[in-house]
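What follows is the residue order along each chain.
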Amino acid sequence: MTEKTTAAERFQALWSRYSTFIILVLILAVFSTLAPGSFLSGNNFMRIFEQSSITILLAVGEFFAILLAGIDLSVGSVMALTGVVAAKLMVLGLPWPIALLLGCVLLGAAIGALNGWLINLTNLPPFVITLGTMAIFRGLTYVVSDARAVSGLPPEFGQVIGGRAFGLVAMPIVIALLVSAILVFFTVKTKPGRNLFAVGGNPQAAWFAGINIKSHTLLAFTISGLAAGLAGMVNVARLGAAEPNAGTGYELFAIAAVIIGGTSFFGGEGKVIKVVIGGLIIGTINNGLNMVGVSAYYQQVAMGALIVLAVTLDRFFGARSKR
Amino acid sequence: MQPIVEMRDITKRFPGVVALNRINFQVFPGEVHALLGENGAGKSTLMKILSGAYEPTSGHIVIDGTNHDRLTTRESSQAGISIIYQELSVIEQLPIMESIFVGNLRTRSLLGIPVVDRDAMYKRTQELLAKVGLKRSPDTLVRDLSISEKQLVEIARAIAFSARVIVMDEPTSSLTDEEVRQLFAIIEQLKAEGRAVVYISHKLKEITAICDRVTVLKDGEAVGTRDVANVSVDDLVAMMVGRELQAKYNEKRKGHVPSTTPILEVEGMTRRDGYIKNASFTLLEGEILGFSGLVGSGRSELMEAVYGAAPRKSGVVRLHGEPVKIRRPYDAIKAGICMLTEDRRYSGILANFSIRRNLAIGEQMKSSFLGGLGGLIDFRAELAIAQDQAVAMQVKMRDIEQSIAELSGGNQQKVLLGRQLATNAKVIMFDEPTKGIDIGTKAEFYAIMRRLAESGVGVIVVSSEMPELLAVCDRIIVFADGAQRAEFSIEEATEEKLVRAATHHVSEGEEL
């Protein structure tokens, strides 16, 4: 009694699985047609990837906040604060790897944990808590840096973190891919990773199934903070100095990448790998519009339109619409 | 007499299944027509076609002699068809008055501008509430009402828009006996006014009590339509499931002697929120212990406290004589205590997970460490556990990778039970395990409970259905106001005794 699947149903099945990839390919095709010379080159693709690495790092962290049907608005501020603190530590004479470990990795994770702890303590929506901590950490960044860029960093730091791994691939790309790969493993293969999807989908049912909601919330926001700290590290390395206003508005790029990556805003659904593609899409648009010679103002327009478009398409063709 | 609605030869196909096959269904003015069938028999699909939500693949719907190939939702409501779903659709944040008139606000003219006519709506709402016997002001917020009161608001709303056919989907699933009596009185009144009621329920006693005719569906086919006066409960069961199962359902639990070793001892349990004060009980190995009482008497609240799902102030839980520290469900699962919650959708299924993941998560939590934050997923073991349990529970599904949300209620419940069984629990607490579940699946659940008990597992059943407790338990504790009121061995327990024990305290003074 099986009925033939219609073309629309097949498209729907295809879309729900590969939407993000399809968008990326479409965008690549558009820019390749518009600017075949400058856009279509191996070097340019590497550049896109490198430019996207910070967005990707922020986005794969942000993913976990949104997976819990929450949000982390503080990632841009965390990126700036960790960058400035690590730079200050280097200037104070700490060896740069230790400065990075303390200032970026540990501080980032600690700030994320603080977000999670506050959310657990107050039971307020993550939106409210991280809106507050976004301002707090941005302010602290200005306090620590005296509102001036922190420069005079050890050259080896820039050469290693901002350079190329084995003289081949840009280090930011390696870091972003490595972090993403670890998080893919974490979400697919570990119990806490799986549990986060349960908590995001139905916290009450997850609780009765034996999952501790608070410790998993803490974990998700710690990952988000840690990833933002790593983004801060990469950013300072690429610029050669720590800017106190770095990452302003980047939380929006991160959230955009997560959404374009098909993550459900209602929690419980999404894939890290798609978020990485989402980050690449944003990088590609910025780079492509540059190549075509479109002003930076229109780049924001294009990105905003893409977010609306991606979510709309998901609404109509995504897996959820079938229910 | 001409029927208000006649559905002729209705067939509905979905990709891969025939949900309804040439169904005929008539509703006459002034009758209460029961629609009966197991989960997935096609009742909801038929009603969705009636409400205009679905288009039939073939067939006709005749309303007042006019033929339709399908109804739009607008045509359906204009014809006076009103459906009250199990999940009530009144808007919680609004006062009763507005939730009745939402979408159809009455207006009056003020300087030629139509403005909302509060006074007229207030008066009309008062009339409607008086009619359905709801003693509340029209200004009361819907969220402050009990479930039965919300149901009355929905009925009032149906009457307000001159409904001629009111479909009630499992209207009594969350009501106390007294509230059920009230509802029946209102149904009688609707009948007297010439309106028709389509009554969907699994509770056969209610059908024989209130309905005039009954149509039984099975696997999308109409088994038949009968006058209720001429059928017995046994006939209905036979029509629904066939003879073999009927015997199973009525089978009493006899001759089973649980051991005298306690498996679970609860002492002085007090919840921080005060719902439970100083409750104690002992469960023996291989025993099925029932908890009876009114809705809200504290039975579920006690189980939640034992399970660690609600914070407790004091209380000791001993398993095999050893005190166990349970601060959250994780600790309980680790210790071997599982709970099947009352509200599948809210606190049971993980709707965004596949059947496989839903089945495996219990064992995965049990074998995890660091409070559930540690451990890798073994995909092969996961699939094996899920397949074993799906087979053992006889889950009707297309594919184990299918979303659990696509299953019927009874099958979802089987998956949830399979999740607990996969943990090799020593104690399983069932909270209203067969709520909204068809008779066939109920019988399977009872059989599983008995098997568990015979294998030495301690089983606790919280249920508002007394026949269920009497059929399955060795011992029954009656709860009221967060404390134990009485205890009966199965030999001495009767429905009457249970009711009396549950309501004794309110009979002096307060009204029930």
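Anything mentioned here points back to the structure above.
Note that this is a predicted model, so its numbers are computed, not measured. Counting starts from 1 at the beginning of each chain's written sequence and moves along it residue by residue. Chain letters and ligand numbers both follow the written order, the letters beginning at A and the numbers at 1. Per-residue local features of the predicted model are confined to residues with pLDDT of at least 70, and side-chain atom pairs are confined, for both listing and counting, to 80 or more; whole-chain, interface and lining totals are unaffected and use all residues.

**A closer look at the overall build of chain A**
Stage number 1. A tally of regular secondary structure across chain A gives 14 helices and two strands.
Stage number 2. Each radius of gyration reported is based on C-alpha atoms, and the globular scaling rule is 2.2 Å times the count of residues to the power 0.38. Taken over C-alpha atoms, the radius of gyration comes to 20 Å for chain A, in line with the 20 Å a tight globule of 323 residues would show.
Stage number 3. Principal axes of the C-alpha set define a box for chain A whose edges measure 75 × 55 × 35 Å.
Stage number 4. Backbone-placed C-beta atoms define the burial measure: a residue is buried with 20 or more other C-beta atoms within 10 Å of its own, exposed with 12 or fewer, and partly exposed in between. Relative to its full complement of 323 residues, chain A shows a buried share of 51%. Secondary structure is summarised from DSSP: a helix means a run of H or I of at least four residues, a strand means a run of E of at least two, and numbering begins at the N terminus for each.

**Thoughts on the overall build of chain B**
Stage number 1. Check the secondary structure of chain B and you find 18 helices and 22 strands.
Stage number 2. Computed over C-alpha atoms, the radius of gyration of chain B comes to 25 Å, within 12% of the 24 Å expected from 2.2 N^0.38 for 512 residues, which places it in the range of a compact globule.
Stage number 3. Seen along its three principal axes, the alpha-carbon backbone of chain B occupies a region of about 75 × 55 × 50 Å.
Stage number 4. The buried share among the 512 residues of chain B stands at 48%.
Stage number 5. Contacts spanning at least 24 positions in sequence make up 68% of the contacts within chain B whose residues lie at least 6 apart. A pair of residues counts as a contact when their C-beta atoms, built from backbone coordinates, are separated by no more than 7 Å.

**Some words on the nonpolar core**
Stage number 1. Each nonpolar core consists of buried Ala, Val, Leu, Ile, Met, Phe, Trp, Tyr and Cys residues. Their C-beta atoms, within 7 Å, join them into a set. A:Leu57, A:Leu58, A:Val60 and B:Val461 are the most contacted members of the largest nonpolar core, which totals 246 residues.
Stage number 2. Tallying contributions element by element places helix α11 (residues 213-239) of chain A first for this core, with 14 residues.
Stage number 3. What fixes the domain bounds is an automatic or database domain assignment. Counting contributing residues, this core receives three or more from each of domain 1 (5-242) and domain 2 (284-308 + 328-507) of chain B.
Stage number 4. Leave out the neighbours within four places in its chain, and A:Leu58 touches A:Val75, A:Met79, A:Ala227, A:Ala228, A:Ala231, A:Tyr250, A:Phe253 and A:Ala254.

**Some points on helix α8 (residues 171-189) of chain A**
Stage number 1. A helix's residues, less one, multiplied by 1.5 Å, set its expected span. For α8(A), which comprises 19 residues, the first-to-last C-alpha distance of 26 Å matches the rise-based estimate of 27 Å (1.5 Å per residue) to within 8%.
Stage number 2. Every buried residue of α8(A) is listed here: A:Met171, A:Pro172, A:Ile173, A:Ile175, A:Ala176, A:Val179, A:Ser180, A:Leu183 and A:Thr187.

**Section: the packing of helix α1 (residues 7-34) of chain A against helix α13 (residues 272-292) of chain A**
All names here are of chain A.
Stage number 1. Between the N-to-C directions of two axes lies an angle of 0 to 180 degrees, each axis being a line fitted to C-alpha atoms and, for a helix, fitted only over the stretch in contact. For the pair α1 and α13, interaxial distance at closest approach is 10 Å and the crossing angle is 15 degrees. On the basis of the axis angle, α1 is roughly parallel to α13. Between α1 and α13 lies a crossing whose hand is left-handed. Across the interface between the two elements, Thr20, Phe21, Ile23, Leu24, Ile27, Leu28, Phe31 and Leu34 of α1 pack against Lys274, Ile277, Gly278, Leu280, Ile281, Thr284, Ile285, Gly288, Met291 and Val292 of α13.
Stage number 2. The residue inventory of the contact of α1 with α13, partitioned by class, reads 13 nonpolar, four polar and one charged. An angle below 35 degrees is read as roughly parallel, one above 145 as roughly antiparallel, one from 65 to 115 as roughly perpendicular, and any other as oblique. Note on convention: near helix rotated counterclockwise from far helix by under a right angle means a left-handed crossing. Clockwise means right-handed. Throughout this entry, Asp, Glu, Lys and Arg are counted as charged residues, while Ala, Val, Leu, Ile, Met, Phe, Trp, Tyr, Cys and Pro are counted as nonpolar. The remaining residues, Gly among them, count as polar.

**A few points about the sheet that holds strand β2 (residues 17-27) of chain B**
Whenever strands of a sheet pair, they do so through backbone hydrogen bonds, lying parallel or antiparallel.
All names here are of chain B.
Stage number 1. Two strands pair if DSSP finds at least two bridges between them. Spatially, β2-β1-β4-β5 is the arrangement adopted by the four strands of the open sheet, whose pairing is antiparallel. Both outer strands of the open sheet, β2 and β5 (66-68), are each paired with one neighbouring strand and no more. When strand polarity is set aside, the average angle formed by the axes of neighbouring strands in this sheet is 20 degrees.
Stage number 2. Across seven bridges, the pairing between strand β1 (residues 5-14) and β2 is antiparallel. Bridge assignment links Val5 to a residue of β2, and that residue is Val27.
Stage number 3. Where helix α1 (residues 43-51) meets the sheet, it contacts β1 and β2, and its direction lies at approximately 115 degrees from that of β1.

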